[in-house]
Amino acid sequence: MERVRVYLHPVGCPKANVDLEKVSRGLKDKGFEIADLPTGALVAVLFGCAFIDDAKRESIDTILEIGELKREGDLKYLVVTGCLPEKYTESVTQSLPEVDAFIGNSYLDSLPALVSDLCRGELGKKQWVGGPFEWGRSELRSVPRSSPWTRTVMISDGCDNGCTYCSIPHMRGGLRSREVPEIISEIDLVVGQGAKEVVLAGQDTASYGKDTGQSDLPRLLAEVAARFPSQWIRLSYINPDNMDTGLGPVIACYSNVCNYVDLPIQHASPKILAAMGRRSDPDWVASRIDALREAVPDVALRTSVIVGFPGEKETDVDLLLDFLRRIEFDLAGVFAFSPQEGTPAAALKSRVPGDTAQDRLVEVTGVQEEIARKRMEAFIGRDLDVLIEEVADTGEATGRSQYDMAEIDRVIRISDCTARPGDMITAKIDGISAPYEWAATCK
Ligand code: SF4
């Protein structure tokens, strides 16, 4: 008998891929087939993002596009999950007639049963399957895949930090750390499936264990690094407010832990940081970074910053630029403030006009690009271990070193390379071939 085909479509945030992988596994376990295209599938499931306005718009546009397929008879049902229905439950459930059911983030394990109901035509009218976040529900059990070699394992979900501009706690709930044995057994699984790099992820990995008191990030990292010595182990998203001084020595101690830290500072004006609900003083953050660099001198640092936050003046931007020049982050994402409905920051007065925020974004991006180039030049002449991710027909291979995260950071292009995707090779960095791209030769 032909199996029922389900199409899964992520939008926006990388976390959607995490959920998608989990759902894909659950559906396959129940005998459903995962379709490559929505056309011809019985059910399409869209993972809608609502983190920023662009993602929200993209999610709605995609719902409308896929809804069109339903109208044309090329698809029977459309289900929407993710942060979009979690955040805008009332408005989306009332306004999108093309959607047959919505599922909250914590209730994704209900999807196979819901698809079965749809197959039997038992769903009836539009449904909302959701509720408050619950400890112990299956949302943390994920085996996500950004490539066959790089796998993301959630060590926690949710966040208690209370940044005033952020709607993530509203969408994903408070901090929930997983137990160490559960994390280890999931890493065991992905390593058994061929993972060469494991990214430990959470909304703020530095908060790991604060809710349970049973472990903390340095201890977890040491345990994972010791258990999986042949894999690259990489950390994601460390809120500097919570960064432990014990982290640098652990990164330095284990050669398989990537010398890479993603430390979103968001700003460097004490006044703006306070309005953002961030606890640390910029000098304190700088001292933590100094300590990290003392322990791991060649650590690559990524950050993200927001310009145009309500109340921001030119003097605040100057403080931010001074800080970026002083720290010299290897990489930085620069964003213009975008008010998120329901957050305290959205209610703040003294909004910065949009064109002023854009001007500041351009200025900060320009300064950071110069810094990033200088940091890249320091790599020229070095031999790096490179994980090969793609090989073109021309023989040119593209890969990454431990200093860069998949999909968002710098890449290394290697000409005349006989390596295959997934291989780990050594390459010599010859120069910079494009922004955020090195040219290299095989050793
Ligand atoms: S630490 Fe990150 S996820 Fe948590 S509230 Fe702040 S910005 Fe949001």
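Reading the values: the criteria
Residues numbered from 1 in each chain as written. Predicted model: local features only at pLDDT ≥ 70, side-chain atom pairs only at ≥ 80, totals over all residues. Domains from an automatic or database assignment. Contact = placed C-beta atoms within 7 Å. Helix = DSSP H or I, 4+ residues; strand = E, 2+ residues; numbered from the N terminus. Nonpolar A, V, L, I, M, F, W, Y, C, P; charged D, E, K, R; others polar. Near = placed C-beta within 6 Å. Axes fitted to C-alpha atoms, helices over the stretch in contact; angles between N-to-C directions. Left-handed = near helix turned anticlockwise from the far one by under 90°. Parallel < 35°, antiparallel > 145°, perpendicular 65-115°, else oblique. Pairing = 2+ DSSP bridges.

K.L.:
Would you mind going over the domain arrangement of the protein chain with me for this structure?
P.N.:
It is common to report an interface's size as the accessible area lost on association of the parts. What the domain assignment lists for the protein chain is domain 1 (5-129), domain 2 (138-375) and domain 3 (383-442). Distance between the C-alpha centres of domain 2 and domain 3: 25 Å. Listed as interface residues are 17 residues of domain 2 and, on the opposing side, twelve residues of domain 3. Taken together, the elements giving at least two residues each to the side of domain 2 that touches domain 3 come down to β11 (232-235), β12 (260-262) and β13 (300-307). Here the residues of the side of domain 2 that touches domain 3 sort into seven nonpolar, four polar and six charged.

K.L.:
Help me out: how do you make sense of the site of the ligand in this one?
P.N.:
The local shell around the ligand consists of Cys159, Asn161, Gly162, Cys163, Cys166, Ile168, Pro169, Gln203, Asp204 and Asn239. Counted by class, the shell around the ligand contains five nonpolar, four polar and one charged residues.

K.L.:
Would you mind going over the packing of helix α7 (residues 180-192) against helix α8 (residues 217-227) with me for this structure?
P.N.:
Geometry of a packed helix pair, given as the angle between the helix axes and the separation of the axes. Between α7 and α8, the least distance of the axes is 11 Å, while the angle of their chain directions is 35 degrees. In this structure, α7 meets α8 at a crossing whose hand is right-handed. Here Val180, Ile184 and Ile187 of α7 come into contact with α8, specifically with Leu220, Glu223, Val224 and Arg227. Tallied by class, the residues present in the contact of α7 with α8 amount to five nonpolar, no polar and two charged.

K.L.:
Is there a simple way to think about the packing of helix α12 (residues 314-327) against helix α13 (residues 354-377) in this case?
P.N.:
Contact pair α12 / α13: the axes reach a minimum separation of 10 Å and the direction vectors enclose 10 degrees. Considering the angle they form, α12 stands roughly parallel to α13. Judged by the twist between their axes, the crossing of α12 over α13 is right-handed. On α13, the residues that touch Val317, Leu320, Leu321, Leu324 and Arg325 of α12 are Arg360, Val364, Val367, Gln368 and Ile371. Considered class by class, the residues forming the contact of α12 with α13 number seven nonpolar, one polar and two charged.

K.L.:
Explain the sheet that holds strand β7 (residues 150-154) to me, please; I cannot follow it from the model alone.
P.N.:
Adjacent strands of a sheet pair through backbone hydrogen bonds, lying either parallel or antiparallel. Taking strand neighbours across the sheet as the criterion, the three strands line up as β7-β10-β11 in an open arrangement whose pairing is parallel. On the outer flanks of this sheet lie β7 and β11, each paired with one strand and no other. On average, each strand axis in the sheet is inclined to that of its neighbour by 25 degrees, with strand direction left out of account. Pairing between β7 and strand β10 (residues 197-201): five bridges, direction parallel. Bridge pairing links arginine 151 to valine 198 in β10. Packing against the sheet, α7 makes contact with β7 and β10, and its axis sits at approximately 165 degrees to β7.

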